[in-house]
Amino acid sequence: AQTVTQSQPEMSVQEAETVTLSCTYDTSESDYYLFWYKQPPSRQMILVIRQEAYKQQNATENRFSVNFQKAAKSFSLKISDSQLGDAAMYFCAYKGSGNTPLVFGKGTRLSVIA
Amino acid sequence: DAGVIQSPRHEVTEMGQEVTLRCKPISGHDYLFWYRQTMMRGLELLIYFNNNVPIDDSGMPEDRFSAKMPNASFSTLKIQPSEPRDSAVYFCASSFWGLGYTFGSGTRLTVV
């Protein structure tokens, strides 16, 4: 079964600085999708960014970008110009091809220091 | 669309009681998922449906847990009898073709 590992239970960053959250995964598939979700204190799960494995170009959404290393099975999230509103739990998730469901890592709690 | 709607938002119940969590998926979505979130185990998939049919319930922890999807617009997750270790946040999510998940706001269950 696929597994997703987030090795940093907690991280902190100064406002306006850059932070990188790590994620590794285990799979034997060549075609799959990777996601980062944000969960603020409201509990809502919010999709931050998505990467298709067949795309070599790293996905970017405004201040959020990923470093996708397919051979290393690594998928890190970089948050630039951190804002207080970025404080949340961040979950890395994997979805295989076909009708397989999302598999989540255990999350990284990000604090933003003013 | 109002998104995925879960009810109740909070539930406090006594050990041994039956608990029913409800979910209304987004209209037109053909997949529905139930996840459980705890500090220790993170987000775990309990069960998922495709076109109202259960596809994989291997994540359901015990026979005390059951889920149904009688139609495309409604699903329930039932725990009977409930135990303190069932305390968690339960999320429902729906998607179209298995991509583009939309999550509900979750139900925080506390069993005392």
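Throughout, residues of each chain are indexed from 1 in the direction in which the sequence is written. Going through the entries in the order they are written, you letter the chains from A and number the ligands from 1. Per-residue local features are limited, in this predicted model, to residues with pLDDT of at least 70; the limit for side-chain atom pairs, both in listing and counting, is 80 or more; totals at the level of whole chains, interfaces and linings are taken over all residues. The basis for every side-chain value is the complete set of non-hydrogen atoms in the structure, without hydrogens or water.

## Observations regarding the interface of chain B and chain A
Applied cut-off: Residues are treated as being in contact if the distance between any of their heavy atoms lies within 4.5 Å. What counts as buried area is the accessible surface, traced by a 1.4 Å probe, that two parts surrender upon association, with contributions from both included. Any Lys or Arg side-chain nitrogen found within 4 Å of a carboxyl oxygen on Asp or Glu counts as a salt bridge. Secondary structure counts use DSSP, requiring at least four H or I residues in a row for a helix and at least two E residues in a row for a strand, with both numbered from the N terminus. Amino acids outside the nonpolar list (Ala, Val, Leu, Ile, Met, Phe, Trp, Tyr, Cys, Pro) and the charged list (Asp, Glu, Lys, Arg) are all regarded as polar, and Gly is one of them.
Counting from both sides, the interface comprises 22 residues of chain B and, opposite them, 17 residues of chain A. In terms of surface lost to chain A, no three residues of chain B exceed Leu43(B), Leu99(B) and Phe103(B), which account for 32% of the buried area on that side. Summed over the shared surface of chain B and chain A, the result is zero salt bridges. Going through the elements one at a time, strand E4 (31-38), strand E5 (42-50), strand E9 (88-96), strand E10 (99-103) and strand E11 (107-111) of chain B are the ones with two or more residues in the side of chain B that touches chain A. Of all the elements, E4(B) adds the most residues to the side of chain B that touches chain A, at four residues. Considering only residue class, the side of chain B that touches chain A consists of 12 nonpolar, seven polar and three charged.

## Digging into the environment of Arg43(A)
In plain terms, the rule: Think of a polar contact as two N or O atoms within 3.5 Å of one another; within protein, one of them needs to be a possible hydrogen donor and the other a possible acceptor, and neighboring residues in sequence only count if both atoms come from side chains.
In this structure, Arg43(A) sits in the loop between strand E5 (32-39) and strand E6 (46-52). Between the alpha carbons of Arg43(A) and Met89(A) there is a distance of 9.2 Å; along the sequence they are 46 residues apart. Not counting the four nearest positions on each side in its chain, Arg43(A) is found in contact with Arg9(B), His10(B), Val89(B), Phe91(B), Ser105(B), Gly106(B), Thr107(B) and Arg108(B). A distance of 3.0 Å separates a polar atom in the side chain of Arg43(A) from the backbone oxygen of Ser105(B).

## Quick word on the state of the cysteines
Residue and element names in this part refer to chain A. Our working definition: Here, two cysteine sulfur atoms that lie within 2.5 Å of each other are counted as a disulfide.
Inspection of the entire model under this criterion finds two disulfides over all chains. One disulfide in the model links Cys-23 with Cys-92; its S-S distance is 2.0 Å. Here the disulfide of Cys-23 and Cys-92 is left-handed, its torsion about the S-S bond being about -70°. Of this pair, Cys-23 sits in the loop between strand E3 (19-21) and strand E4 (24-26) while Cys-92 sits in strand E10 (residues 88-96), placing them 69 residues apart in sequence.

## Considerations on the sheet that holds strand E1 (residues 5-7) of chain B
Residue and element names in this part refer to chain B. Operational definition: Any two strands between which DSSP finds at least two bridges are classified as paired. As a rule, the C-alpha atoms of each element are fitted with a line to give its axis, helices using only the stretch in contact, and angles between N-to-C directions run from 0 to 180 degrees.
Reading across the sheet, the four strands line up as E1-E3-E8-E7 and stay open at both edges, with antiparallel pairing between neighbours. A strand with exactly one partner marks an edge of an open sheet, and here the two such strands are E1 and strand E7 (65-71). In this sheet, neighbouring strand axes are inclined to one another by 15° on average, regardless of whether the strands run parallel or antiparallel. With five bridges connecting them, E7 and strand E8 (residues 74-79) associate as antiparallel partners.

## Here's the deal with the pairing of E8(B)
All names here are of chain B. Both strand E3 (residues 19-24) and E8 contribute to a ladder of five bridges, which runs antiparallel. Counted as the bridge partner of Arg-22 is Thr-76 from E8. Counting the residues between successive antiparallel strands, the hairpin from E7 to E8 contains two residues.

## Considering the environment of Tyr94(A)
All names here are of chain A. Spelled out, the test is: Think of it in three bands: with a 1.4 Å probe and only protein chains considered, a residue is buried below 20% of the maximum accessible area for its type, exposed above 50%, and partly exposed in between.
Mapping Tyr-94 onto the fold places it in strand E10. Its relative accessible area of 1% is what places Tyr-94 among the buried residues. Sequence separation between Tyr-94 and Ala-72 is 22 residues, and the spatial gap between their C-alpha atoms is 15 Å. Not counting residues within four places of it along the chain, the set of residues in contact with Tyr-94 comprises Gln-2, Val-4, Tyr-25, Thr-27, Glu-29, Tyr-32, Tyr-33, Leu-34, Pro-101, Leu-102 and Val-103. Among the polar contacts listed, one links the side chain of Tyr-94 to the side chain of Thr-27, at a separation of 2.6 Å.

Any functional reading would require information that these geometric values do not contain.
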